[in-house]
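Residues per chain are reported as follows:
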Amino acid sequence: MHSSHSSPPPVHHSPAVSVAPASPGASVSSRPRPGLLRHAVPVLSVVTVLLMAVAVLVVAAPRASAAELSPVPAFGTNPGALSMYEYVPDDLPQGAPLVVLLHGCTQDAATYHRNSGWAAQAEESGLALVYAEQRTANNANRCFNWFEPADVARGSGEVRSVASMVEHAVARHGLDAGRVFVSGLSAGGAMTAELLAAYPDLFAGGSIVAGVPVGCASGTLDAFTCMNPGRTLTPQEWGDRVRAKLPDGADPPRVAVWHGTADHTVVPANGRAGVAQWVNVWGLPSSPDGAEGLPGSTTAEYYGGGGSADAAVASFSVAGMGHGTPVDPASGCGTAGAHFLDTVCSTGYTARFWGVGGISGGEPTETPTEEPTEGPSGACVTASNYDHVAQGRAEHRQGRAYALGSGDPLGLWNTAVRTSLTESSPDHWDLTPGGC
């Protein structure tokens with residue numbers, strides 16, 4: 001999730017979308033920025049790729065219309081130098097909701113559109129989709145720079161670029177400015193959290209998938225700590241980090257947090273901290289008001305309301321799942337693959353929580369289940385790079401070792417360099433920071 005640089009009832013928002021302009025000093029449309037994480041230095045590159053590495057799959061889900069994912073070359077002020085793509089179903093009515101989506105490291109807009117299940121959800125529920133895409137000029141591994149203060153402050157950097165995309169899409173397609181939502185995976189999930197804190201007047205709700213809490217990091221080294229083993233703060237301290245960013249008088253958005261219990265890349269403690277953070281921001285009791293078991297060994301807990309329809313904060317914990325976006329291909333919800341994990345239709349349940357769509361992937365079960373059904377193995381192995389290659393977890397090229405599947409660089413191919421790898425899906429291994 002990092003880079004190579006260096007709710008009570010739903011909140012109703014005003015139809016007008018108004019965002020403070022970026023300060024002159026924040027305009028860096030072709031900005032080469034200094035710092036360790038901006039360049040593909042082998043060791044840091046490894047860690048950043050694993051933050052949210054995802055392989056590009058080539059299987060496309062069937063579409064109910066002729067709509068296509070299309071680039072939007074110009075969309076307004078763009079101090080974060082991001083790219084915008086949109087998907088607008090045929091004959092989408094005026095006043096439709098908008099969902100903004102942020103990919104993980106090494107992904108792009110097309111990958112997330114193809115595999116996450118949001119394309120089908122858009123067709124079924126009448127949603128417009130906007131994808132923010134990171135550029136390698138900003139981050140060699142295409143990670144959103146959620147740990148850089150200049151990229152997460154209201155009115156500047158990458159968050160301002162995303163705000164511009166929202167303004168452009170709402171105006172161009174006549175969308176409902178009071179029903180704009182944002183979701184992202186890993187680095188995209190971390191940036192989603194930052195967007196919710198910086199622009200609660202723009203987003204009615206969000207979904208943080210395998211991300212970290214708001215304000216967890218303020219630099220590269222902090223980012224590593226946040227991901228694994230995680231940072232320990234009280235709910236009040238976490239809540240203060242959001243309150244420090246909320247505009248005066250703004251109501252907090254409704255927030256869903258998704259995390260797998262076997263995530264070794266961005267450890268599950270981050271999901272729990274994210275839930276505690278937003279529960280505290282809402283001023284709610286720390287115990288949930290309701291819970292239900294969902295398919296794929298998923299436990300849903302609701303705060304500020306007894307169920308999905310009226311809760312302010314929702315926690316979705318997927319037992320046995322590793323690092324990725326939960327999908328359910330059997331129900332037509334997404335495509336399974338590296339970091340798109342066959343467990344439950346997170347897209348459908350997120351749309352239900354926001355009140356903008358239905359559910360794919362089955363109905364709730366009577367009680368939460370504990371054992372994974374079709375989840376990834378989650379096996380973590382620490383060994384020399386030589387042994388990783390010999391045992392099929394990595395490959396070597398020109399004297400260096402690379403994790404099989406993710407391509408994470410591991411360093412020299414020899415018996416002296418030891419690394420830890422986690423199998424997030426069959427024959428797909430990710431570098432694991434901090435070891436097993």
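Above this text sits the structure in question.
Predicted model, so just to flag it, every value in this text is computed and none were measured. (Residues numbered from 1 in each chain as written. Predicted model: local features only at pLDDT ≥ 70, side-chain atom pairs only at ≥ 80, totals over all residues. Heavy atoms only, no water.)

Trainee: I'm lost on the sheet that holds strand E14 (residues 394-397) in this one. Help?
Mentor: Sheet strands pair via backbone hydrogen bonds, and the direction of the pair is either parallel or antiparallel. The three strands lie next to each other as E14-E15-E16, forming an open sheet whose pairing is antiparallel. Edge strands, defined here as strands with exactly one partner in the open sheet, are E14 and strand E16 (409-412). The sheet shows a mean angle of 25° between the axes of neighbouring strands, direction not considered. Relative to E16, strand E15 (residues 400-403) runs antiparallel, the two sharing three bridges. The residue bridging Tyr402 from the neighbouring strand is Pro409, located in E16. (Pairing = 2+ DSSP bridges. Helix = DSSP H or I, 4+ residues; strand = E, 2+ residues; numbered from the N terminus. Axes fitted to C-alpha atoms, helices over the stretch in contact; angles between N-to-C directions.)

Trainee: Is there a simple way to explain the packing of aromatic side chains in this structure?
Mentor: Here the structure, examined in full by the defined rule, presents six aromatic pairs. Seen from their ring centres, Trp118 and Trp354 are 5.8 Å apart, and the 20° between their planes marks the pair as stacked. Here Trp118, found in helix H3 (residues 118-125), pairs with Trp354, found in helix H10 (residues 346-354); they are 236 residues apart in sequence, far enough to count as distant. Using a relative accessible area of 5% as the deciding quantity, one classes Trp354 as buried. With a centroid separation of 6.3 Å and 85° between ring planes, the pair formed by Tyr302 and Phe316 is classed as edge-to-face. With a gap of 14 residues between them, Tyr302 in strand E9 (residues 298-303) and Phe316 in strand E10 (residues 313-318) connect regions that are remote in the sequence. Look at Tyr302 and you get buried, because its relative accessible area is 1%. Taken together, the ring pairs in this structure connect Trp118, Phe181 and Trp354 into an aromatic cluster. (Phe/Tyr/Trp six-rings, centres within 6.5 Å; stacked < 30°, edge-to-face > 60°. Buried < 20%, exposed > 50% of the residue type's maximum accessible area, 1.4 Å probe, protein only.)

Trainee: What exactly am I supposed to notice about the packing of helix H8 (residues 235-243) against helix H9 (residues 268-282) here?
Mentor: Angle between the axes and distance between the axes: these two values describe a pair of packed helices. Contact pair H8 / H9: the axes reach a minimum separation of 8 Å and the direction vectors enclose 70°. In terms of their interaxial angle, H8 and H9 are classed as roughly perpendicular. For the pair H8 and H9, the crossing hand works out as right-handed. For the pair formed by H8 and H9, the contact residues are Pro235, Gln236, Trp238, Gly239, Arg241, Val242 and Arg243 on the first element and Ala273, Ala276, Gln277, Trp278, Asn280 and Val281 on the second. A per-class count over the contact of H8 with H9 returns seven nonpolar, four polar and two charged. (Parallel < 35°, antiparallel > 145°, perpendicular 65-115°, else oblique. Left-handed = near helix turned anticlockwise from the far one by under 90°. Contact = heavy atoms within 4.5 Å. Nonpolar A, V, L, I, M, F, W, Y, C, P; charged D, E, K, R; others polar.)

Trainee: Teacher, can you tell me more about the nonpolar core here?
Mentor: Note on soluble globular proteins: their nonpolar side chains tend to be buried together. In terms of nonpolar packing, the biggest core is built from 64 residues, with Leu98, Val100, Trp146, Leu195, Phe203 and Trp278 touching the most fellow members. In this structure, Ala67, Leu101, Leu129 and Ala311 belong to the second largest nonpolar core, which totals 35 residues. (Core = buried A, V, L, I, M, F, W, Y, C linked by side-chain atoms within 4.5 Å.)

Trainee: What should I look at first to understand the pairing of strand E3 (residues 98-102) in this one?
Mentor: Each regular strand shows side chains that alternate between the opposite faces of the sheet. Most of E3 sits inside the fold, with five of its five residues counted as buried. Side chains Leu98, Val100 and Leu102 of E3 all project onto a buried face; the interleaved residues Val99 and Leu101 project onto the opposite face, where all are buried too. Where E3 meets strand E4 (residues 128-133), five bridges bridge the pair, whose relative direction is parallel. Of the residues in E4, the one forming a bridge with Leu98 is Ala128. Where E3 lies against strand E5 (residues 180-185), five bridges are found, and the strand directions are parallel. Counted as the bridge partner of Val100 is Val182 from E5.

Trainee: I'm lost on the sheet that holds strand E1 (residues 70-72) in this one. Help?
Mentor: Sheet architecture is open: ten strands sit in the order E1-E2-E4-E3-E5-E6-E7-E10-E9-E8, paired in mixed fashion. Lying at the two open borders of the sheet, with one neighbouring strand each, are E1 and strand E8 (290-294). On average, adjacent strands in this sheet sit at an angle of 20° to one another, irrespective of strand direction. Two strands pair when backbone bridges link them, and E8 and E9 are joined in this way by five bridges, in the antiparallel orientation. Bridge pairing in E9 places Leu294 opposite Thr298. Sheet strands touched by H10: E3, E5, strand E6 (205-209), strand E7 (254-260), E8, E9 and E10. Its angle to E7, the strand with the most contacts, is close to 160°.

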